[in-house]
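Fold and geometry: a report
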Amino acid sequence: MRPHCGSLSPAASTLPALVFAAACAAAAPGAPDPATISQLISAVSLDVMTEASIEACEDAGAPSTPQARAAWVAWRERHQLAALRSVVLSVKRRRSSIPSWDTITDPMRDRILAEAAPDKVCAGLGQDLQGAGMDVSAMYPQAHAAAKALVQAEVAHKPSLPDIAPGTPRGQVLLVSQLPTLAGQQDRTWTAISDEEAIRRLGQVYVKGRVQRWGDDGDDFQLVQESVDRRIPHTVMLRFNAEAWVGREIVLRGLLTSLDTYSSTLARAALVSDASGLTPSTLPQTPMVRKPVVLKRVMSPPGKGLADKDIAAIVIHGKGNYVNGSSWEEDVLFLLRDGTAYRRTDMPPDQLDVAASRQLEPQQWGRWRGSSGAYEVQDQNDDGRPDGGWDRKQHHAVKPWPQNMRLEGSFSSSSFAGSYFAGGISSKRSIRFTKDGRFERSYSSLGTSGSLAGINGANISASSHGDGSGSSSTGGGTVAGPMGTSGAFSSSKTDDGASRRGRYQLSGYVLTLHYDDGRQERLLSFPVNADRTSVYVGSGSLRLNK
């Protein structure tokens with residue numbers, strides 16, 4: 001029986017939504033039924049969750065991550081999962097209302113990152129991928145037939161592969177780490193040139209790296225060069241479907257249609273299956289930098305981190321940023337009594353695991369001297385050594401909240417990204433405190449198409465709003481044409497606002513929020529000025545509404 005293809009409930013999770021979308025789209029005669037499509041979706045979902053688990057293993061610093069990734073690459077090649085995933089992504093692109101994969105991958109990531117010994121779990125994952133319990137072909141025998149039927153019914157695009165370079169190519173192969181040097185040798189770098197111009201400038205080049213997925217939809221790819229905890233600060237963007245090689249190290253032949261110090265684009269790419277005729281380039285390699293460390297790895301339980309007695313001061317400085325819009329940006333530092341300074345202040349100080357942070361992210365530390373309004377800080381590099389001289393800061397010291405402090409009023413912050421000419425998005429975030437210990441958070445945003453689109457007859461806008469009563473979004477616009485003006489609008493409402501309201505506690509440098517939906521959140525907080533008309537909450541300051 002075919003499903004009734006009406007609107008999809010906003011509360012639908014990713015798996016049922018994908019089955020629903022594919023089944024509705026495949027209503028043509030001869031297309032697979034929902035039960036068969038469900039096997040395809042389940043097979044791909046298992047691949048997505050496994051990949052998310054491996055990424056979490058990497059973020060957790062598990063030594064067994066390379067072995068687990070190699071087992072995953074072999075597993076998905078053995079069951080031809082790349083082709084299935086390409087088909088499902090094609091269906092997903094056609095129905096933008098389908099929720100993100102995050103709804104199923106985030107719990108997997110959180111579970112691994114919360115493990116006291118993540119390497120044991122990650123090593124076990126690599127072993128499981130080689131066992132019968134992960135035999136996708138046996139578990140979902142109709143998955144490939146469903147994918148083929150969706151392509152034949154023109155519901156999904158047929159998975160595409162790049163060309164294969166014939167024979168045994170000759171030349172020098174570049175590592176990703178050598179591309180910044182190549183960029184520096186040019187008279188000028190370029191952001192976008194034609195294939196013909198790329199041939200004239202550098203001709204065909206050979207580049208070696210590991211294929212990595214990126215982007216919100218997971219269907220864009222790049223070449224990277226990494227070790228366990230470090231990476232080359234340059235990426236090679238790939239303009240083809242590299243799903244079949246995600247996680248693998250490959251050599252590609254192509255044209256560099258963009259090239260600068262930090263990124264490049266490889267066009268008209270072909271896979272080099274026989275690289276025995278290539279020799280390594282002699283260009284100098286750019287040094288690796290440390291990968292960002294997941295915050296959980298440098299956090300301790302509440303009250304077990306940096307003690308108040310070890311804090312000399314918490315200091316802040318803010319300034320306006322008017323590049324491509326307007327926003328207020330702030331820098332907060334923890335200054336310790338031992339003369340060291342910490343700059344990644346994304347948590348209350350009593351949750352900073354000082355020993356772990358010094359080991360895993362020494363570049364976030366430095367040394368300080370001076371007093372309020374005249375502080376000087378010397379940064380550290382990735383190896384914990386002094387990096388440059390002493391830098392004069394304009395930061396001022398702040399005071400902690402009194403025990404069980406109560407506030408009254410609404411505090412907010414606004415920003416705008418874009419321009420009047422090209423359009424942009426204005427945003428506002430707020431929190432309202434009451435003397436009885438209640439709070440309510442809210443947000444709003446409005447995006448418009450700008451005056452340039454208006455001149456051409458298009459007026460497009462989208463807005464969203466959320467507070468303690470719920471959230472809503474609207475979107476649409478009008479377009480003027482030869483036959484008159486046409487328009488379309490849509491709106492939706494979700495949740496009851498329980499995730500944005502509750503009870504609060506203010507003490508020391510901590511704001512604790514107890515949400516009505518059962519969650520608890522601890523945020524760095526302090527009064528920015530003496531009259532408490534500006535308060536710092538989590539990642540920035542909010543001003544009292546007049």
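Let us look at the structure shown here. (Residues numbered from 1 in each chain as written. Predicted model: local features only at pLDDT ≥ 70, side-chain atom pairs only at ≥ 80, totals over all residues. Heavy atoms only, no water.)

**Some points on the overall build of the protein**
What the protein contains, in helices and strands, is twelve helices and 28 strands. Within the protein, the fraction of its 546 residues that count as buried is 45%. Looking at the protein alone, contacts between residues at least 24 apart form 61% of all its contacts between residues at least 6 apart. Surface accessibility of the protein: about 27,300 Å² in total, with carbon and sulfur atoms responsible for 51%. (Helix = DSSP H or I, 4+ residues; strand = E, 2+ residues; numbered from the N terminus. Buried < 20%, exposed > 50% of the residue type's maximum accessible area, 1.4 Å probe, protein only. Contact = heavy atoms within 4.5 Å. Areas by Shrake-Rupley, 256 points an atom, 1.4 Å probe, with all protein chains shown as cover.)

**So, the packing of helix α2 (residues 34-59) against helix α8 (residues 143-152)**
Contact geometry for α2 and α8: axes closest at 8 Å, N-to-C directions at 110°. Considering their axes alone, α2 and α8 lie roughly perpendicular with respect to each other. In this structure, α2 contributes Thr36, Ile37, Gln39, Leu40 and Ala43 to the contact, and α8 contributes Ala143, Ala146, Ala147 and Leu150. Across the contact of α2 with α8, the residue classes break down as seven nonpolar, two polar and no charged. (Axes fitted to C-alpha atoms, helices over the stretch in contact; angles between N-to-C directions. Parallel < 35°, antiparallel > 145°, perpendicular 65-115°, else oblique. Nonpolar A, V, L, I, M, F, W, Y, C, P; charged D, E, K, R; others polar.)

**Observations concerning the pattern of salt bridges**
Taken as a whole, this structure holds 32 salt bridges when the rule is applied. Close ionic contact of Lys291 with Glu58 constitutes a salt bridge, the shortest N to O distance being 2.7 Å. A residue pair is termed long-range when its members are at least 10 positions apart, and Lys291 in the loop between β10 (289-290) and β11 (311-321) and Glu58 in helix α2 qualify at 233 residues. Residue classification places Glu58 among the partly exposed positions, given a relative accessible area of 22%. When salt bridges that share partners are traced, they join Asp47, Glu51, Arg76, Arg85, Arg213 and Glu243 into one network. (Salt bridge = Lys/Arg side-chain N within 4 Å of Asp/Glu carboxyl O.)

**Looking at the nonpolar core**
Core analysis: the largest hydrophobic core is formed by 59 residues, its most contacted members being Leu40, Leu223 and Leu238. Those residues in contact with Leu223 that lie beyond four places of it in its chain are Val176, Val207, Gly209, Arg210, Val211, His234, Thr235, Val236, Leu238, Ile250 and Leu252. With 21 residues, the next largest nonpolar core counts Val298, Leu306, Leu336 and Trp365 among its residues. (Core = buried A, V, L, I, M, F, W, Y, C linked by side-chain atoms within 4.5 Å.)

**Some details on the state of the cysteines**
Applying the stated criterion across every chain yields a total of one disulfide. Here Cys57 engages in a disulfide with Cys122; their sulfurs sit 2.0 Å apart. One disulfide, between Cys57 and Cys122, carries an S-S torsion of -100° and so falls in the left-handed class. One end of the pair, Cys57, is in helix α2; the other, Cys122, is in helix α6 (residues 118-128), with 65 residues separating them in the sequence. Assessed through its relative accessible area of 1%, Cys57 is described here as buried. (Disulfide = S-S within 2.5 Å.)

**Some thoughts on unusual backbone geometry**
Residues other than glycine seldom take positive phi values, yet Gln80 does so here, at roughly 55°. Mapping Gln80 onto the fold places it in the loop between α3 (65-78) and α4 (81-94). Unlike most non-glycine residues, Asn324 shows phi in positive territory, near 55°. Summarising the element assignment, Asn324 is placed in the loop between β11 and β12 (325-336). You can call Asn324 exposed: its relative accessible area is 63%.

**Looking at α6**
Among the residues making up α6, those that are buried are Pro118, Cys122, Leu125 and Gly126. Along the long axis of α6, the arc covered by the buried residues comes to 95°, so they all point the same way. Residues Lys120 and Gln127 are exposed on α6 and point more than 90 degrees away from its buried face. In this structure, the buried side of α6 is in contact with α2, α3 and α5 (102-113). (Arc of directions from axis to C-beta.)

**What to know about a negative patch on the surface**
The grouping of Asp102, Asp106, Asp216, Asp217 and Asp220 at the surface amounts to a negative patch. Within the secondary structure, Asp106 sits in helix α5. Take Asp106: its relative accessible area is 36%, and that puts it in the partly exposed class. (Patch = residues over 30% accessible without salt bridge, like charges linked within 9 Å, V, L, I, M, F, W, Y side chains within 5 Å. Lys, Arg positive; Asp, Glu negative; His and termini not counted. Charge placed at Lys NZ, Arg CZ, Asp CG, Glu CD.)

**Describing the environment of Lys319**
Relative to the elements of secondary structure, Lys319 occurs in strand β11. Look at Lys319 and you get exposed, because its relative accessible area is 54%. Linking Lys319 and Glu329, residues ten residues apart in sequence, is a C-alpha distance of 5.6 Å. Those residues in contact with Lys319 that sit more than four places away from it in its chain are Ser327, Trp328 and Glu329.

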